[in-house]
Amino acid sequence: MKFLCECGHAIYDQTDDLPYKAYLYPDQSMDALYTALDQLIQSAPRSVSQRYTMTLPITLPKGHRQMYQCPDCGRIYISDNDKLHCFVSEFGDVPKNLFQADPQ
Ligand SMILES: [Zn+2]
């Protein structure tokens, strides 16, 4: 995925470990995610297909979405069924590293 932010900055999603990307999991999907984690801990999958089935609620929870934050202006984009929704801080002082695992 590649798109241009409203400010003109190009945002790329073509690799892993991006400091400006995050995942949004609906609260309504968290019980299924925790149940899948418990099942995975209690019984190791015996095949690749069983592992895929058991980890699917963890890796792709129902209703999950991807989010991106522009490192230049701080706008946040949420990808929803191939449509991007843009959000900008009403106060203008949003940190531009909200999706970094270890912001400095
Ligand atoms: Zn921007």
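In this text the structure is predicted, and so the values were computed from the model without any measurement.

Caption draft 1: Region of interest: the pairing of strand 5 (residues 76–80). With 4 of 5 residues buried, strand 5 lies mostly within the body of the structure. Bridging between strand 4 (residues 65–69) and strand 5 involves 4 bridges; their strand directions are antiparallel. Within strand 5, the residue paired with Tyr-68 across the bridge is Tyr-77. In sequence, strand 4 turns back onto strand 5 through a hairpin of 6 residues, with Gly-74 there showing a positive phi of about 90°. For strand 5 and strand 6 (residues 83–87), the ladder comprises 5 bridges, and the chain directions are antiparallel. Its bridge partner being in strand 6, Ile-76 is matched across the sheet by Phe-87. The turn linking strand 5 back onto strand 6 is made up of 2 residues, and Asn-81 within it adopts a positive phi angle of 50°.

Caption draft 2: Structural context of the packing of helix 1 (residues 30–42) against helix 2 (residues 48–59). Following both chains from N to C, one finds helix 1 and helix 2 inclined at 145°, their axes separated by 8 Å at the closest point. Crossing handedness for the pair helix 1 and helix 2: left-handed. Two secondary-structure elements touch here, helix 1 through Ala-32, Leu-33, Ala-36, Leu-37, Gln-39 and Leu-40 and helix 2 through Met-54, Thr-55, Pro-57 and Ile-58. Among the residues making up the contact of helix 1 with helix 2, the classes are represented as 8 nonpolar, 2 polar and no charged.

Conventions adopted
- Residues numbered from 1 in each chain as written.
- Predicted model: local features only at pLDDT ≥ 70, side-chain atom pairs only at ≥ 80, totals over all residues.
- Heavy atoms only, no water.
- Buried < 20%, exposed > 50% of the residue type's maximum accessible area, 1.4 Å probe, protein only.
- Helix = DSSP H or I, 4+ residues; strand = E, 2+ residues; numbered from the N terminus.
- Pairing = 2+ DSSP bridges.
- Axes fitted to C-alpha atoms, helices over the stretch in contact; angles between N-to-C directions.
- Left-handed = near helix turned anticlockwise from the far one by under 90°.
- Contact = heavy atoms within 4.5 Å.
- Nonpolar A, V, L, I, M, F, W, Y, C, P; charged D, E, K, R; others polar.

Shape descriptors only; they carry no functional weight alone.
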